[in-house]
Amino acid sequence: MITTAHRTRLRNASAIVAITALLGCGSMTHGATTPDSHSLSGKIWDARQHRFITAPELLRKLAAADFVLLGEVHDNPEHHARQAVILASFVQAGRKPALAMEQFDRENQPAIDAALAAGADAEAIAVAGRMDRKGWQWAGYEPLVRIAVSSRLPIVAANLSRRAARDVAAQGFDQLDLSPATLALPAVWTPAREGVLVATIVEGHCGQLQPQDAGPMTRAQRARDAVMADSLLRYRNEGAVLIAGAGHVRRDLAVPLYLRARAPGMSVVAVEFTEVQAGVDDVAAYETAAIAGSADPAFDYLWFTPRAEREDPCAGFALPSRR
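The rules behind the values
Residues numbered from 1 in each chain as written. Predicted model: local features only at pLDDT ≥ 70, side-chain atom pairs only at ≥ 80, totals over all residues. Heavy atoms only, no water. Pairing = 2+ DSSP bridges. Helix = DSSP H or I, 4+ residues; strand = E, 2+ residues; numbered from the N terminus. Axes fitted to C-alpha atoms, helices over the stretch in contact; angles between N-to-C directions. Contact = heavy atoms within 4.5 Å. Phe/Tyr/Trp six-rings, centres within 6.5 Å; stacked < 30°, edge-to-face > 60°. Buried < 20%, exposed > 50% of the residue type's maximum accessible area, 1.4 Å probe, protein only. pLDDT = per-residue confidence, 0-100. Arc of directions from axis to C-beta. Parallel < 35°, antiparallel > 145°, perpendicular 65-115°, else oblique. Nonpolar A, V, L, I, M, F, W, Y, C, P; charged D, E, K, R; others polar. Core = buried A, V, L, I, M, F, W, Y, C linked by side-chain atoms within 4.5 Å. Left-handed = near helix turned anticlockwise from the far one by under 90°.

### Some details on the sheet that holds strand β7 (residues 268-275)
Strand order in the open sheet made by the eight strands is β2-β1-β8-β7-β3-β6-β4-β5, with mixed pairing throughout. Two strands bound the open sheet, and with one partner strand each, they are β2 (51-53) and β5 (155-159). Taken over all neighbouring pairs, the strand axes of this sheet differ in orientation by 30 degrees on average, direction set aside. Where helix α12 (residues 255-262) meets the sheet, it contacts β3 (67-72), β6 (240-245) and β7, and its direction lies at approximately 165 degrees from that of β3.

### Topic: the packing of aromatic side chains
Given two aromatic rings, one states the distance between the centres and the angle between the planes to describe the pair. Throughout the structure, instances matching the rule amount to four aromatic pairs. Measuring from centroid to centroid gives 6.2 Å for W136 and Y141, while their planes differ by 90 degrees, and the two rings are edge-to-face. With respect to burial, W136 and Y141 carry one shared label: buried. When the centroid spacing of 5.9 Å and the interplanar angle of 35 degrees are considered together, the rings of F273 and W303 count as tilted. Here F273 is found in strand β7, whereas its partner W303 is found in strand β8 (residues 301-305), with 30 residues between them in sequence.

### Digging into the pairing of β5
Most of β5 sits inside the fold, with five of its five residues counted as buried. When strand β4 (residues 98-105) meets β5, the two strands line up parallel, connected through four bridges. Its bridge partner being in β5, A100 is matched across the sheet by V156.

### Here's the deal with unusual backbone geometry
A negative phi angle characterises most non-glycine residues, just as the trans form characterises most peptide bonds. For H50, which is not a glycine, the phi torsion comes out positive at approximately 55 degrees. In this structure, H50 sits in the loop between β1 (44-46) and β2. Residue class for H50 comes out exposed when judged on its relative accessible area of 54%. For Q137, which is not glycine, the phi torsion reads 55 degrees and is therefore positive. The topology assignment puts Q137 in the loop between α6 (133-136) and α7 (138-150). For Q137, a relative accessible area of 42% puts it in the partly exposed group.

### Considerations on the confidence of the model for the protein chain
The share of residues in the protein chain with pLDDT of 70 or more is 87%, and the mean pLDDT across the chain is 89. Long-range and interchain partners of residues 1-34, a stretch whose pLDDT sits below 50, account for 45 contacts in this model, where long-range means more than four residues apart.

### Some thoughts on helix α4 (residues 109-117)
For α4, every residue scored as buried is listed here: Q109, I112 and A115. Projected down its long axis, α4 carries its buried residues within an arc of 125 degrees, all on one side. When the buried face of α4 is taken as reference, the exposed residues oriented beyond 90 degrees from it are P110 and A117.

### A few points about the packing of helix α3 (residues 77-92) against α7
At a minimum axis distance of 9 Å, the contact between α3 and α7 shows a crossing angle of 5 degrees. In terms of their interaxial angle, α3 and α7 are classed as roughly parallel. Contact residues: H80, Q83, A84, L87, A88 and V91 in α3; G140, Y141, L144, I147 and A148 in α7. Class assignment for the residues of the contact of α3 with α7 results in eight nonpolar, three polar and no charged.

### Some remarks on the nonpolar core
F67, L69, L176, L232, L242, Y258 and L259 are the most contacted members of the largest nonpolar core, which has 55 residues in total. Discounting residues that sit within four places of it in the chain, L232 has contacts with F67, L69, A100, A240, L242, V255 and L259. Counting residues in hydrophobic clusters, the runner-up holds 44 residues, among them F104, A128, I147 and V241.

### Some points on the packing of helix α2 (residues 55-63) against α3
Running from N to C, α2 and α3 cross one another at 60 degrees; their axes reach a closest spacing of 10 Å. The angle between α2 and α3 falls in the class oblique. Judged by the sense of rotation from one axis to the other, the crossing of α2 with α3 is right-handed. Between α2 and α3, the residues in contact are L59, L62 and A63 and V85, I86, S89 and F90, respectively.

What follows is the structure, given as structure tokens:
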């Protein structure tokens, strides 16, 4: 008879196999177009010490941090594979961090908690959390949720819902459940940060958005980052691992900024999973320039991966017309 405890051991054994496979041979998944023959693919760059480190060394460093923020490109399966490796390594080291995910909206936290209490599997958690399976490509995130369920880790709905973000964009931070001061929204912000965020949002809209029109979107982005930080701070004792887009984990601009303002004694580590580009072998070309005057790099570590196959997001892109 296969007991629940035995199933858990089997799942954890699978996680160990996944860790061993990744540490030993690079790519674990299919569907990426850039070959692993790229000189940087699979390498890890320590942005503070300006040197390459090994995956086991990175895992040891992450295990000592309170909050580990994993910045992904959402549609890259290699990024999800490495996230699962990191989360499984925490469990194998005896830690019980919360798994916080941008892919779940905060309003669905009670349903996720109830599902976990009832012994739900990963699929049932996705249903309870109302994950947009197609939009988020659930297959990439299911292994993470499965590790959390089998290891009895808290699963945290970290994101502000689209509706709440629209309210903030249109009417300001007072639309949030917590005050802007509590979230440290005014305390951390500067004109330099606003300028960089505006430029990032303009670029994200394929250059078709005018900088003077970006204000509502910067408010929504800042609100998301501050709310994600608040979600993590509820798990100070055991720590947390955040799964989010790379833009949300920038030390000089996003979630780490709010974590440091509200919990200055806690350690925060930001990892960017970085897609390699054909013919670009210089690490400096991939490093995101930090905000002027910031003593921190934008990310603590860059973990280079193959590039996922995707269409040009700006091909045929057009902003909605105003009437």
